[in-house]
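Each chain is listed here by its residues.
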Amino acid sequence: AVVITRRLLDHQGEPVGSPYPGVHHAAQGAALAPLADYLPLHGLTLEDVAFAWTYTTETIGTEWQAVRDGLYGQGVQSHIGETVPPEMTLSVLRDAEVYSGLTNPYVVYTENLSVILPQVLELLVGVKGDKRRDAIVGSMQYIDLMALGSFTSPQLFERYDAAGALLPWDDQSWAPDLSVVPTPTVRAEDVTFWAYLPRKEVSARADGGQAPVMIVGHGYTSTRMESIGWAPFFAKHGIATIGLDCPSHGLSLDESDKEQTAVLDLIGLGPLLEAVDEGRAMDLNGDGAPDSGADFWTSYTFHTRDMVRQCALDYMQLIRTLRSFDGVRTWDMDTNGDGEPDLAGDFDGDGVVDIGAESMIGLTGSSLGGIMASGVGALEPEVDV
C-alpha cells in the first residue's frame, strides 16, 4: 500500500487530498483495513491519511513452479508433461557403405575425425590455425565419441496462426496466470543437441557407471556448436558435455561451407554434415537462409520474456529426458546392431547406460549461455552445480 498523509502540503500550504469522495477507492477498503493497526506505530491515525491505494506485483516464482510441476505430470499444468513425454532421437552420422560391418551409425568416434578435425573446427567454430584450435585438437583425445540428435520439448506458445501465417511477436508468448489456469498451448518441438562422452578410462564409465554431464549453453545468435570448445576440457576430467540450441537458434551451412567439408563424404561422414546443418533457426528476412536467434532479444517485451522462459523449459526437459534413462527404459535406437531397441542412454551399444538417471548434472555457458545456466540453476532442483 502507498499512504500519503495530510502532512504533505500543496503550493497553497494546504494538505493534499484524494481524487475520490473518501481517502481511497471504495473497492480497496478491505485491502487497506490493516492501516488502522500500522499507522499508530508511526504516531499516526486514520484521520492523518490524505490518500491511500494498494497495488500488486507480478510473481515469477509461482508460475515457474506450476510449469515445472506440470513437466512431471503434477498440478494445474499436469497436461504439459503428459502431452510431451521425454523422448530422444539420435541422428545417423556414419555411412554404412563406407564403414564395413557398421552396427552403430549414431556415433562418431574421435578417431573417425582425426584426419579432418582442424578443418571441421575452422568451419564450425571459426577457429583457424591458432592456439585455441591446437588446444581443442590436442584435448580431443579425451573424448570417446560424439552424438547428435534431438529431444522433444513442450513449447507453450504458437508460432503460426490457423492459416499458416507467422503470428505477431507479442502473440508468440506464454498464456497468463499459469499458476492457476492450464495453458491452452502445449506443442512438441524438436530441440537439437550435440553430445560428447569422455573415454571410459578417465570417467565413471570405466566401471559401468554413468558419467557426470555438463550442459553448455551457447551465446546469443550462436548455436550448440559452441560446445565443441568446452567438451575436450570436461572430457579430460571425465565429464560428458551436451550443447543444445535455444529457440530460433541453429547453424546454417551454405553451399560454400558444404564444399569445404566435402571430404566428409569420402570418409563416410556425410551424414554427420547433414546432422550438423539441422537446427531451430527460422528464415525471418526472406533470403532463404535461417537467421539464428533473430527474434530472441527484441523490443517485443512479452515475446522476449518468453523466448527466455521457453529456452529454460527446454533445458528442464533435457534434464527430465536424461533422468528417464534409468537402466530399464529403452529408446528407438538400435546401437548394437541386433535389430532391437536398446537401453535409453546407451550411446555406444555396450548394454550400459552412459549418461542418465545417476549422472551429476551441471550447467555452464557464456553470454546467453551464462544467463540460462544461472536461471535454470535456480529453477531446476535436479541441477547439482
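For the structure given in this document, a descriptive report is provided here. Here the structure is a predicted model, which means the values were calculated and not measured.

Counted by the stated rule, this structure contains 20 salt bridges. Ionic pairing is found between Glu63 and Arg309, a salt bridge with its closest N-O pair at 3.1 Å. Of this pair, Glu63 sits in helix H3 (residues 61-71) while Arg309 sits in helix H12 (residues 301-323), and the two are 246 residues apart along the sequence. Overall, the relative accessible area of 11% leaves Glu63 in the buried class.

Below, the discussion takes up H3. Every buried residue of H3 is accounted for by Glu63, Trp64, Ala66, Val67, Arg68, Gly70 and Leu71. As for H3, its buried residues are in contact with helix H4 (78-83), strand E5 (143-155), H12 and helix H13 (368-379).

When you line up the elements, Asp314 lands in helix H12. In contact with Asp314, not counting residues within four places along its chain, are Phe151, Ser153, Pro154, Gln155, Val191, Leu244, Pro247 and Arg280.

For soluble globular proteins, nonpolar side chains are generally found buried alongside one another. In terms of nonpolar packing, the biggest core is built from 53 residues, with Met88, Leu90, Ile215, Tyr315, Phe347 and Ile355 touching the most fellow members. Looking at which element gives the most residues to this core, the answer is H12, with 9 residues. Those residues in contact with Ile215 that sit more than four places away from it in its chain are Ile242, Leu244, Tyr315, Leu318, Ile319, Ile361, Gly362, Leu363 and Thr364.

A few words on the packing of H12 against H13. Direction vectors running N to C along H12 and H13 enclose 65°, while the axes themselves pass 10 Å from each other. Judged by the twist between their axes, the crossing of H12 over H13 is right-handed. Residues Val308, Cys311, Ala312, Tyr315 and Met316 of H12 pack against Met372, Val376 and Leu379 of H13. In the contact of H12 with H13, the residues fall into 8 nonpolar, no polar and no charged.

In this structure the tally under the stated criterion is 10 aromatic pairs. An aromatic cluster is built from Tyr20, Phe51 and Trp53, whose rings are joined through pairwise contacts. Cation over ring: Arg94 sits above Tyr99, and NZ or CZ is 4.9 Å from the ring centre. Its end group placed over the ring of Tyr72, Arg320 keeps NZ or CZ at 5.9 Å from the ring centre.

The next thing to look at is unusual backbone geometry. Its identity is not glycine, yet Asp177 carries a phi of approximately 55°, on the positive side. The topology assignment puts Asp177 in the loop between E5 and strand E6 (187-198). Here Ser248, not a glycine, exhibits a phi torsion of approximately 70°, which is positive. Counting through the fold element by element, Ser248 comes out in the loop between strand E8 (240-244) and helix H9 (255-260). Relative accessible area serves as the criterion here: at 1%, Ser248 is assigned to the buried category.

Rules used throughout
- Residues numbered from 1 in each chain as written.
- Predicted model: local features only at pLDDT ≥ 70, side-chain atom pairs only at ≥ 80, totals over all residues.
- Heavy atoms only, no water.
- Salt bridge = Lys/Arg side-chain N within 4 Å of Asp/Glu carboxyl O.
- Helix = DSSP H or I, 4+ residues; strand = E, 2+ residues; numbered from the N terminus.
- Buried < 20%, exposed > 50% of the residue type's maximum accessible area, 1.4 Å probe, protein only.
- Contact = heavy atoms within 4.5 Å.
- Core = buried A, V, L, I, M, F, W, Y, C linked by side-chain atoms within 4.5 Å.
- Axes fitted to C-alpha atoms, helices over the stretch in contact; angles between N-to-C directions.
- Left-handed = near helix turned anticlockwise from the far one by under 90°.
- Nonpolar A, V, L, I, M, F, W, Y, C, P; charged D, E, K, R; others polar.
- Phe/Tyr/Trp six-rings, centres within 6.5 Å; stacked < 30°, edge-to-face > 60°.
- Lys NZ or Arg CZ within 6 Å of the ring centre and 35° of its normal.

Keep in mind these numbers describe shape, not what the thing actually does.
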